[in-house]
Amino acid sequence: MFKIECDQMDIPCTIVDAYVAECKFPPKPGETNTRGEMVVCYYDLVLQLQDANGNTDVWHGEISNRCGTGTNAHLYRLDLTLKTLQKIDFNVQTLTELEQQFVATPERTIAVPNLREKTCIATVVRTTRDDGRVFCNVKYIGSGPTVKKMSYDDFLKRKNAVPSAPAVPAVPAPGYPAAPGAPAVPPAPGYPAAPAAPAPAAPPANPYSR
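Figured I'd write up the structure that's included with this text.

## Focus on the environment of A122
Mapping A122 onto the fold places it in strand β6 (residues 119–128). Residue class for A122 comes out buried when judged on its relative accessible area of 0%. Along the chain, A122 and D51 lie 71 residues apart, while their C-alpha atoms are 9.2 Å from each other. With near-sequence residues (within four places) excluded, A122 lies in contact with F2, M9, D10, I11, C13, L49, V138, Y140 and I141.

## Things to note about the pattern of salt bridges
Under the counting rule described, the total for this entry stands at 4 salt bridges. Residue D17 pairs with R116 through a salt bridge whose shortest N-O separation is 3.4 Å. With a gap of 99 residues between them, D17 in strand β1 (residues 8–21) and R116 in the loop between β5 (110–111) and β6 connect regions that are remote in the sequence. Residue classification places R116 among the partly exposed positions, given a relative accessible area of 34%. With a closest N to O distance of 3.0 Å, E62 and R66 form a salt bridge. Neither E62 nor R66 differs from the other in exposure class; each is buried. One salt-bridge network, held together by shared partners, links E31, E62 and R66.

## Digging into the state of the cysteines
Cysteine pairs can be covalently joined through their sulfur atoms, and such a bond is termed a disulfide. What the rule picks out here adds up to 1 disulfide. Each disulfide pairs two cysteine sulfurs, and for C23 the partner residue is C41, the sulfurs being separated by 2.2 Å. Negative torsions about the S-S bond denote left-handed disulfides, and the value of about -105 degrees found for C23 with C41 makes this one left-handed. Here the residue C23 occupies a position in the loop between β1 and β2 (41–50), and C41 occupies one in strand β2, the gap between them amounting to 18 residues. Judged on exposure class, the residue C23 and its partner C41 are both buried. C136 provides the cysteine sulfur closest to C6, a residue in no disulfide bond, and the two sulfurs are 8.7 Å apart. For C6, a relative accessible area of 31% corresponds to the partly exposed category.

Conventions and cut-offs
- Residues numbered from 1 in each chain as written.
- Predicted model: local features only at pLDDT ≥ 70, side-chain atom pairs only at ≥ 80, totals over all residues.
- Heavy atoms only, no water.
- Helix = DSSP H or I, 4+ residues; strand = E, 2+ residues; numbered from the N terminus.
- Buried < 20%, exposed > 50% of the residue type's maximum accessible area, 1.4 Å probe, protein only.
- Contact = heavy atoms within 4.5 Å.
- Salt bridge = Lys/Arg side-chain N within 4 Å of Asp/Glu carboxyl O.
- Disulfide = S-S within 2.5 Å.

Structural measurements only, silent on function.
If you want it as structure tokens, here you go:
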């Protein structure tokens, strides 16, 4: 289990194992989702995470028709699990595509070997129970904060834009030499292009309807 001293922390991790497990939260008798459907939980996709110090914890991705909460209330937990996998560059779009990644082990359990060695950011939350016990749990995982890169065209536009006011002469501060010109940046190596993002789709049909 990860240990943190603050209420919440983002921890860079590597996925060291990925497998299918029984549901951590099986349906209660008569439980229905917000659409009025009987809840069915098929299994959990479990990722074992390890930080740079060798500490480990697990994240559960629920494969069920329970509905999310808040802005995700229109999605099934199944959909939220797929979205999380896409955030860490495991590009499965449907339950069928996910299950095509399953491999039977010699022990007749189910592994997902293509998820191993992927990196992610685990958001760990620290909670204190009424009896004083402290727990640190992985709340969710992702690829880290998103930073919008500037395009080369925008760079040129801003660099060549005519200033609205007279420019101040670039005079170095007393006692400091002027900054040298930046060296030319060599082109990036030829990495393969990432797959194109799919077009926005209509709300998914219930994958559990009979």
